[in-house]
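# Structural characterization, general
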Number of protein chains: 2
Amino acid sequence: MSNNETKRQNVLEVSLQDVSAHRTPDYPVNPLFVERWSSRSFADQPVPQDVLYTVLEAARWAPSSNNLQPWRFYIAQTEEERELFKEFILPGNRIWSDHAPVLILLATDTRRDENGGVNGAHAFDAGAAWGSIALQAHLLGLATRAMGGYDRNKAREILDIPDYIELQAVIALGYRAGLDTLDERFREREIPNERRALSNSILELKRK
Amino acid sequence: MSNNETKRQNVLEVSLQDVSAHRTPDYPVNPLFVERWSSRSFADQPVPQDVLYTVLEAARWAPSSNNLQPWRFYIAQTEEERELFKEFILPGNRIWSDHAPVLILLATDTRRDENGGVNGAHAFDAGAAWGSIALQAHLLGLATRAMGGYDRNKAREILDIPDYIELQAVIALGYRAGLDTLDERFREREIPNERRALSNSILELKRK
């Protein structure tokens, strides 16, 4: 293993330990879903182009209403591209996301057809694509974190985004780093968060 | 293996073959994402309760904005419960979905807090939960298909759904069956659908 690979492996092992200390599934779900978590620390290590595209390929195969595949990606990787994104990401998120080697603005084409029809499922379907991105990234040893804290109007203006495109989330993607690389203000929160009980999300079926 | 397990295994093997004949990923994505597809045929085989909850457990661990976990599930399994759902699912979808042993109305709590704030990411986050449901079901040898073709007003009325809950999709869940169990009108479409090229979903970054 190269030095980088060894380092990455260590970080992964630590993070797996962390996850089981913080999350206990109630049913025997595939570990993939529980071990993925949205950290904020990113290593100063570039994401190879084929790794980025493999992550996006997972989104490509997500299900969508009428197979419309409404997800669209604006990708920032170079210094210049990331500078553009920094102009519209809110200061609180910039503290950590400035270190992410890849930023993806996940947007949606809201058009159902050429006749002005609207795809009512565009946000929902983009969410499925985002889920696949997060899971495939995790499977490749990368971390993701989606943020809603960015100035949508500014993003539209800076990137000249047409009206029929809606903005869903900015996704930070990269290799997870140790706590010491993260701004002090976020260190205590750099743990996998918990969930409400499944039973609280199941609503009672009762005929009116 | 029990008779049922052998049958299920055969169906799975056939479906895997089918998938590689219809779908070729451009990047080395985990097969999980490519082999999951939204079929319409369902075997007359109940879904055990622990299997259903394991599928929903995957959704439980999906990421969400501020960890609000806006997904909510109305589940129909008994004859009586499924009869309720049949009242609002549109006729074209009933032809195949009537055979699904489980129907899940995936809804969202749109509230951000107790003060009337709205969670702008509720549909997007529910989509991530749906993606996890579809993938975990696939990993357990089950099939899912989400539909938008149902009467939302009727569903609200029949299930007495409060205003702050929005309806996203009805998900059919069960074990996949052979073509012969599917209505003739859907047999030709019972194949994994394709996708546009990934490059078509990546939008150019250009400063205005």
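Here's a quick rundown of the structure.

Here is what the cut-offs are and how they apply
- Residues numbered from 1 in each chain as written.
- Chains lettered and ligands numbered in written order.
- Predicted model: local features only at pLDDT ≥ 70, side-chain atom pairs only at ≥ 80, totals over all residues.
- Heavy atoms only, no water.
- Least-squares fit on C-alpha atoms with pLDDT ≥ 70 in both.
- Contact = heavy atoms within 4.5 Å.
- Buried area = accessible area lost by both parts, 1.4 Å probe.
- Salt bridge = Lys/Arg side-chain N within 4 Å of Asp/Glu carboxyl O.
- Polar contact = N/O pair within 3.5 Å; in protein donor to acceptor, adjacent residues only side chain to side chain.
- Helix = DSSP H or I, 4+ residues; strand = E, 2+ residues; numbered from the N terminus.
- Nonpolar A, V, L, I, M, F, W, Y, C, P; charged D, E, K, R; others polar.
- Buried < 20%, exposed > 50% of the residue type's maximum accessible area, 1.4 Å probe, protein only.
- Pairing = 2+ DSSP bridges.

This part takes up the relation of the copies chain B and chain A. Here chain B sits on chain A after a turn of 180° about the axis and a move of 0.0 Å along it, with an RMSD of 0.0 Å. Put plainly, the chains are arranged around a two-fold axis. Most of the interface of chain B is mirrored in chain A: 99% of its interface residues are interface residues there too.

Below, the discussion takes up the interface of chain B and chain A. Contacts between the two partners involve 69 residues from chain B, matched on the other side by 68 residues from chain A. Between chain B and chain A lies a buried interface of about 6300 Å² when both sides are counted; carbon and sulfur atoms form 64% of it. Put simply, Arg60(A) and Asp26(B) hold a salt bridge, and the shortest N to O gap is 3.4 Å. Taken together, chain B and chain A are joined by 28 residue pairs in polar contact (both at pLDDT 80 or more). Broken down by secondary-structure element, the contributors of at least two residues to the side of chain B that touches chain A are α2 (31-35), α3 (49-60), β1 (71-76), α4 (79-86), α6 (122-139), α7 (152-159) and β4 (165-174) of chain B. At 11 residues, α6(B) tops the list of elements feeding residues into the side of chain B that touches chain A. Residues belonging to the side of chain B that touches chain A are distributed by class as follows: 37 nonpolar, 14 polar and 18 charged.

Residues and elements named next belong to chain A. In terms of burial, strand β4 (residues 165-174) is a largely internal element, 9 of the 10 residues being buried. As paired elements, strand β2 (residues 102-109) and β4 share 8 bridges and run antiparallel to each other. The partner of valine 102 across the bridge, within β4, is leucine 173. Sheet topology places strand β3 (residues 143-147) next to β4; 5 bridges connect them, and they run antiparallel. Bridge pairing in β4 places arginine 145 opposite alanine 172.

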